[in-house]
Amino acid sequence: SNDMSSNETLMVIAHRGAAGEAPENTLAAFALGLEQGCTGIELDVHLSKDGEIIVCHDTTLNRTTDRQGAIGNLTVEEIKQADAGSWFHERFAGERVPLLEEVFDLVPPEVQINVEIKAGNDGIAPALVELMKRKDRLNDVFVSSFDFDILERLKELEPEARIGLLYHIRMTHHDRMAGLLDYPVYSLHPHWSRMDKRSVSEAIERGLRVYPWTVNEEANMLNMIDCGVSGIITDYPGRLKRLLER
Ligand code: G3P
Ligand code: MG
């Protein structure tokens, strides 16, 4: 049926890796997502004191490691001393906070990577463009942010970079907001609770992809599929895969 064929192309995006079952934003979480058959990976980035792109959700190491401190005030050497696994479960002891480069090396190019730039990292665009080019990842990465200025800076530096807009607002506003940017937008990233079928189909007709976050319950996954989204960002990529196979 038509439903089946659209399900087959729906991107299964592991949120911070398979963050429901492994410590978020670690190589273990990304590897588990890949094992479960995800076709996309979402991760969050910050810039370290010495200008490296660090994969971590929060501005500080406090919640997800055994160390303290703001990533922007720490060097890679200092960040690498932190244990990013034990807080989740002792069997992940010794997991490190990864560099984006290490994730690029782990993830095969057929799996898309959604790099989310966190606010407060105004200087990150040149480093990200350099890394995507050096690792030949321009065509299988899409970069999202709640901070649209950062995305415009990225496009200014590298017009081929694909940018996605993150929102908390109702999806009926998304298209209009995308039209306010100085550069073409690749994807819209609405919160799953602020969506409607009509807005999704209008966005898709205009050539935009729609990737809702963070969809963990089966009923909500089914609802998103019914809306016709391009992919689903979830802490449980294995659960979504099983649902699509049914
Ligand atoms: O990129 C989608 C989602 O990750 C945005 O929220 O806080 O989980 O990074 P957050
Ligand atoms: Mg995120």
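Residues numbered from 1 in each chain as written. Chains lettered and ligands numbered in written order. Predicted model: local features only at pLDDT ≥ 70, side-chain atom pairs only at ≥ 80, totals over all residues.

### Things to note about the overall build of the chain
In step 1: For the chain, the count of helices and strands is 10 helices and 9 strands.
In step 2: Relative to the globule expectation of 18 Å for 246 residues, the C-alpha radius of gyration of the chain, 17 Å, shows essentially globular dimensions.
In step 3: In terms of its C-alpha atoms, the chain occupies a principal-axis envelope of roughly 50 × 40 × 30 Å.
In step 4: Evaluated residue by residue, the chain yields a buried proportion of 44% over its 246 residues. (Helix = DSSP H or I, 4+ residues; strand = E, 2+ residues; numbered from the N terminus. Rg over C-alpha atoms; globule rule 2.2 N^0.38 Å. Buried ≥ 20, exposed ≤ 12 C-beta atoms within 10 Å, placed from the backbone.)

### Description of the UniProt feature "domain: GP-PDE" (unreviewed entry) in the chain
In step 1: The positions UniProt marks with the feature "domain: GP-PDE" (unreviewed entry) are residues 10-244.
In step 2: The span residues 10-244 shows a helical share of 31% and a strand share of 17%, and its end C-alpha atoms are spaced 9 Å apart. (UniProt positions renumbered as here; feature names shortened; annotations may be inferred.)

### Re the site of ligand 1
In step 1: Taken together, the neighbourhood of ligand 1 is formed by H15, E42, D44, H57, E116, S144, L166, H189, W213, T214 and I233.
In step 2: Considering only residue class, the shell around ligand 1 consists of 3 nonpolar, 5 polar and 3 charged. (Near = placed C-beta within 6 Å. Nonpolar A, V, L, I, M, F, W, Y, C, P; charged D, E, K, R; others polar.)

### Concerning the pairing of strand β9 (residues 231-234)
In step 1: Of the two faces of β9, the one carrying G231 and I233 and the one carrying I232 and T234 are both buried.
In step 2: Summarising the sheet, strand β1 (residues 11-15) and β9 pair through 4 bridges and their orientation is parallel. Paired with M11 across the bridge in β9 is G231. (Pairing = 2+ DSSP bridges.)

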